[in-house]
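So you can see what is in the structure, the chains are spelled out below.
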Amino acid sequence: MSQVVEYYDRIARQYDLDRFGNSYGQYIDAQERKLLKRWKVGADDGKTLEIACGTGRLLDFATAGVDASREMLEIARKKHPGMRLEHALGNETPFVDGEFATIYSFHLMMHLDMDEINGILAEAHRLLRPGGRLIFDIPSSLRRRIVRRPPSGWHGDTSMTLDSVATLAGDNGFVLSRSGGIMMLPVHRLPSFMRRLVRGIDSCLTRSPLKEYSSYLVVELIRK
């Protein structure tokens, strides 16, 4: 985990511009936002926590956030003054038992090993009320077998199938409720002017029976 934190501390000042200040990043951001809205994530759902809130890109869906990078969190606090934002690891937060109705996290689990992921699910189980939900994304193992992505050593190396997510959920007191995908089409290979044009088609594919071949799976787990 320390390697992940050091990495995001280092890139915090340029993160928003480098990752989401271009048509590729905006494409991913639009699909993630569309899914969160479709699943009705937000303050109307009750108290909502984002784990690994980073610079606060998706904090408009939350009532509180937590991140392990001080540098990223400093930027998030400027964007969302008055929101409770805590500096902490996702597996050990300062919130009370059963405080939240929904917890979500994007672009975190892919950097962690299974022990660390289990730790975050255990903490989410503590923080959620019974029937509360945990939403997160994870790279699709099926997609990676097709594209033959080589491991980097740690950055984004962890991937899963829906079956393995269901097992993970059951082992940690959750039930897999529903799933979707992010980015089915090879958007990075398309000219930037085409990316907006294919977004609707891509969104349909990521909600179809083919969704497990998306670049990222997004899952909703319900706390028992």
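Refer to the structure printed above.
Rules and cut-offs
Throughout, a residue's number is its position along its own chain's written sequence, starting from 1. Note on the predicted model: pLDDT of at least 70 is required for a residue's local features to be given, and 80 or more for side-chain atom pairs to be given and counted; whole-chain, interface and lining totals, by contrast, use all residues. Side-chain figures throughout are based on the complete set of non-hydrogen atoms in the structure, without hydrogens or water. Labels follow the DSSP assignment, with helices taken as runs of H or I lasting at least four residues and strands as runs of E lasting at least two, numbered in each case from the N terminus. To sort residues, take the accessible area from a 1.4 Å probe on protein chains only and compare it with the maximum for the residue type: under 20% means buried, over 50% means exposed, and anything in between is partly exposed. Contacts are assigned to residue pairs with any non-hydrogen atoms lying within 4.5 Å of each other. One bridge is not enough; two strands pair if DSSP finds at least two bridges between them. Note on geometry: axes are C-alpha line fits, over the in-contact stretch for helices, and angles between N-to-C directions span 0 to 180 degrees. The rule is simple: put a 1 Å grid over the protein atoms alone, call a set of points where a 1.4 Å probe fits but cannot get out a cavity, call an open set with protein on both sides within 12 Å along at least five of seven lines a pocket, and count a residue as lining if it has an atom within 4 Å of a point. Grid points are joined across faces, edges and corners, and a volume is the space filled by probe spheres set on the points. The nonpolar class holds Ala, Val, Leu, Ile, Met, Phe, Trp, Tyr, Cys and Pro. Asp, Glu, Lys and Arg form the charged class, and all remaining residues, Gly among them, are polar. Crossovers are described as right-handed under a simple rule: with the strands pointing away from the observer, the path leading from the first strand over the helix to the second runs clockwise.

Participant: Got a sec to walk through the environment of Asp9? Specific residues and values, please.
Facilitator: Relative to the helices and strands, Asp9 is located in helix 1 (residues 2-20). Looking at Asp9, the relative accessible area reads 28%, which means it is partly exposed. Residues Asp9 and Leu73 lie 64 residues apart in sequence; the distance between their C-alpha atoms is 9.4 Å. Apart from residues lying up to four places away in sequence, Asp9 is in contact with Ser69, Arg70 and Glu71.

Participant: Can you break down the sheet that holds strand 2 (residues 64-67) residue by residue, with the values?
Facilitator: Within the open sheet, the 7 strands sit side by side as 3-2-1-4-5-7-6. Their pairing is mixed. For this open sheet the edge positions go to strand 3 (84-87) and strand 6 (174-182), each flanked by a neighbour on one side alone. Geometrically, the sheet is characterised by an average inter-axis angle of 15° between neighbouring strands, direction not taken into account. As paired elements, strand 1 (residues 48-51) and strand 2 share 3 bridges and run parallel to each other.

Participant: Go over empty space enclosed by the protein, please, and point to the residues and values.
Facilitator: Summary: where empty space remains is shown by rolling a probe the size of a single water molecule over the atoms. On inspection of all chains with the given rule, the structure shows 2 cavities of 30 Å³ or more. Size it by volume and the largest cavity reaches roughly 350 Å³. What lines the largest cavity is a set of 27 residues, among which Ala52, Cys53, Gly54, Asp67 and His107 lie closest to the centre. Those elements that provide at least two residues to the lining of the largest cavity are helix 1, strand 1 and strand 2. The element best represented in the lining of the largest cavity is helix 1, accounting for 4 residues. When its volume is computed, the second largest cavity comes out at roughly 60 Å³. No other element matches the 4 residues that helix 2 (residues 23-38) contributes to the lining of the second largest cavity. By residue class, the composition of the lining of the second largest cavity is 2 nonpolar, 4 polar and 3 charged.

Participant: Pulling in residues and values, what's your account of the pairing of strand 3?
Facilitator: In the sheet, strand 2 pairs with strand 3 via 4 bridges, with the strands oriented parallel. Within strand 3, the residue paired with Gly65 across the bridge is Leu85. Considered for its hand, the β-α-β crossover made up of strand 2, helix 3 (residues 70-79) and strand 3 is right-handed.

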